[in-house]
Amino acid sequence: MLAKVVSILLPIFFIMGLGYASGRFGILGDNSAPILNRFVTQFSLPLLLFGALAGSPLDQTFNLAFFVSFGAASFVCFLLPLVLLPRRDAGIQKRAMRGLGASFPSVSFVGIPLLTPIVGALALPAVGVSNIISLTVLAIAMLILELARSGTGSFLTALRTALFHTFKNPMILAMLCGAAYSMSGWPLPEWIHRTTQIIGAATPAVALFAMGEALVKSRLAGLGEIGLLTAVKLVAMPLITMGVLLLFPDVDPKWAVSAVLMAALSTAVLDYIVASEYHEDVQEASDLVLLTTLLSAATLPVFIILSLRIWPIA
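Residues numbered from 1 in each chain as written. Predicted model: local features only at pLDDT ≥ 70, side-chain atom pairs only at ≥ 80, totals over all residues. Heavy atoms only, no water.

Undergrad: Would you explain the pattern of salt bridges in this entry?
TA: Scanning the model with the defined rule gives 1 salt bridge in all. Between Arg 98 and Glu 284 there is a salt bridge; the shortest N-O distance is 3.1 Å. Separated by 186 residues along the polypeptide, Arg 98 in helix H4 (residues 92-103) and Glu 284 in helix H14 (residues 282-310) bring together distant segments of the chain. (Salt bridge = Lys/Arg side-chain N within 4 Å of Asp/Glu carboxyl O. Helix = DSSP H or I, 4+ residues; strand = E, 2+ residues; numbered from the N terminus.)

Structure below.
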């Protein structure tokens, strides 16, 4: 079992290491990481998700136990920093950013290469559903940040801004279009299927490489509260997911394992991007992404082995 886990994780961290080396030595230039990030989030992953949803019946791309367990863990871990970090100087913006960092896993970048060797074709719908839930948490965090930015401004204005940022996201739009096409009952044209496959094939490698490059700018200046946020993200979130899944005795093992592993992923680079956009705890967000990524090399194998023993996949 351990050898299998190592064979799954080693390529993931090796490709991230290549990206880190590229960023460290400037092989692709100073601005390559944001460009690669945009390629994944704006083009390759949305097309991949659209093809997966449009070409399959919806009942094969959605699972209630997955949705409830991963969703519950995401929202609980978003709220936990409000309770666990009661510093007087922690305003609502700081709390929102910490909640986002503790509950927003790197599904878009690591999900597919991690899940595919374990659950096969189910990886794509699992990543799609995880993205919907995570982007909902992001919308809530952005609503809080927009309200804080506007001061005494209109709640409706802040809500409109947060929803606009969410629904203009290409991944959300691609999944909505894919679901709508699936419900139409029309067969997906072969040329569209091939197009999504060709460009989607680049997603895992480019995503991991870009994530490695993005880590170059992170510096672990000091642990402090980041350590607690890391524990919430890497330990509490997958454990909560597992606890909720146990309430579903007939859950499909592949969906159960997928939910646990998506919850066990490190904090997404997007957390750092949001912090930069709102000028809120940028260094802390950067450090959290780096620390959770490094420590996930130790925690992910534990949750892979544990989840596969609870829900064996034939």
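Undergrad: Even after reading the chapter, I still don't get the nonpolar core, so can you show me in this structure?
TA: One broad rule of soluble globular proteins: the nonpolar side chains tend to lie buried together. Within the largest apolar cluster, 87 residues are counted, with the highest numbers of intra-cluster contacts made by Leu 114 and Met 262. A total of 12 residues in this core trace back to one element, the largest contributor, which is helix H6 (residues 123-150). When near neighbours in sequence (up to four residues on either side) are disregarded, Met 262 contacts Phe 66, Phe 70, Pro 105, Val 107, Gly 111, Leu 114, Leu 115, Val 127 and Ser 130. Counting 6 residues, the second largest nonpolar core, distinct from the first, contains Phe 50, Ala 174, Tyr 181 and Ile 192. (Core = buried A, V, L, I, M, F, W, Y, C linked by side-chain atoms within 4.5 Å. Buried < 20%, exposed > 50% of the residue type's maximum accessible area, 1.4 Å probe, protein only. Contact = heavy atoms within 4.5 Å.)

Undergrad: Before we go on, may I ask you to explain helix H8 (residues 170-184) in this structure?
TA: Because an α-helix packs 3.6 residues into every turn, residues spaced three or four apart end up facing the same way. The end-to-end C-alpha separation of H8 is 21 Å, in line with the 21 Å expected for 15 residues at 1.5 Å each. Burial in H8 covers these residues: Pro 170, Met 171, Ile 172, Ala 174, Met 175, Gly 178, Ala 179, Tyr 181 and Ser 182. Downstream of H8 by one or two residues, Gly 185 has phi in the positive range, about 80°. (Expected span 1.5 Å × (residues − 1).)

Undergrad: What am I meant to see in the packing of helix H2 (residues 32-54) against H8 here?
TA: When two helices pack together, their arrangement is captured by the angle between the axes and the distance separating the axes. Here H2 crosses H8 at 20°, and the two axes come no closer than 8 Å. When the interaxial angle is binned, H2 and H8 end up roughly parallel. For H2 against H8, the interelement crossing comes out right-handed. Residues Thr 41, Gln 42, Leu 45, Pro 46, Leu 49, Phe 50, Leu 53 and Ala 54 of H2 touch H8, and the partners they reach there are Pro 170, Met 171, Ala 174, Met 175, Cys 177, Gly 178, Ala 179, Tyr 181 and Ser 182. Taken together, the residues that form the contact of H2 with H8 break down as 13 nonpolar, 4 polar and no charged. (Axes fitted to C-alpha atoms, helices over the stretch in contact; angles between N-to-C directions. Parallel < 35°, antiparallel > 145°, perpendicular 65-115°, else oblique. Left-handed = near helix turned anticlockwise from the far one by under 90°. Nonpolar A, V, L, I, M, F, W, Y, C, P; charged D, E, K, R; others polar.)

Undergrad: What's the story with empty space enclosed by the protein in this structure? I'm lost.
TA: If a probe as big as a water molecule is rolled over the atoms, it shows which places are left empty. Here the structure, examined in full by the defined rule, presents 3 cavities of 30 Å³ or more. As a volume, the largest cavity reaches approximately 60 Å³. Lining the largest cavity are Ile 12, Phe 13, Met 16, Val 110, Leu 265, Ser 266, Thr 293, Ser 296 and Leu 300. Listing elements by their share of the lining of the largest cavity, those giving two or more residues are helix H1 (2-25) and H14. Tallied by class, the residues present in the lining of the largest cavity amount to 6 nonpolar, 3 polar and no charged. (1 Å grid on protein atoms, 1.4 Å probe; cavity = no way out; pocket = protein on both sides within 12 Å on 5 of 7 lines; lining within 4 Å. Points joined across faces, edges and corners; volume = space filled by probe spheres on them.)

Undergrad: Would you explain the layout of surface pockets in this entry?
TA: Of the volumes computed, that of the largest pocket is approximately 920 Å³. In terms of lining residues, the largest pocket is bounded by 39 residues, among which Asn 37, Arg 38, Thr 41, Leu 270 and Ile 273 are the most central. Every element with two or more residues in the lining of the largest pocket is listed here: H2, helix H5 (107-119), H6, helix H7 (155-167), H8, helix H10 (203-214) and helix H13 (269-278). Along the lines of polarity and charge, the residues of the lining of the largest pocket split into 19 nonpolar, 14 polar and 6 charged. In this model, the second largest pocket occupies a volume close to 330 Å³. Lining the second largest pocket we find 19 residues, and of these Leu 48, Ala 52, Ala 121, Leu 124 and Pro 125 sit closest to its centre.

Undergrad: Whenever I open this one, a nonpolar patch on the surface confuses me. Can you help?
TA: A grouping of Leu 79, Leu 82, Val 83, Leu 84, Ile 92 and Leu 228 is seen on the molecular surface, where their side chains present a nonpolar patch of about 510 Å² in accessible area. Ranked by residue count, the leading element in the nonpolar patch is helix H3 (residues 64-84), at 4 residues. Topologically, Leu 82 is positioned in helix H3. (Patch = residues over 30% accessible without salt bridge, like charges linked within 9 Å, V, L, I, M, F, W, Y side chains within 5 Å. Areas by Shrake-Rupley, 256 points an atom, 1.4 Å probe, with all protein chains shown as cover.)

Undergrad: Hey, could you run me through H10 in this one?
TA: With 12 residues, H10 should cover 16 Å at 1.5 Å per step; its first-to-last C-alpha distance of 16 Å lies within 8% of that length. Buried residues of H10: Thr 203, Val 206, Ala 207, Leu 208, Ala 210, Met 211, Gly 212, Glu 213 and Ala 214, and no others.

Undergrad: What exactly am I supposed to notice about the packing of H13 against H14 here?
TA: Relative to each other, H13 and H14 sit at 175°, their axes nearing to 8 Å. If you check the angle between H13 and H14, you find them roughly antiparallel. Between H13 and H14, the residues in contact are Val 269, Asp 271, Tyr 272, Ala 275 and Ser 276 and Val 282, Ala 285, Ser 286, Leu 288 and Val 289, respectively. For the contact of H13 with H14, a count of residues per class yields 7 nonpolar, 2 polar and 1 charged.

In short, shape yes, function no, at least from these values alone.
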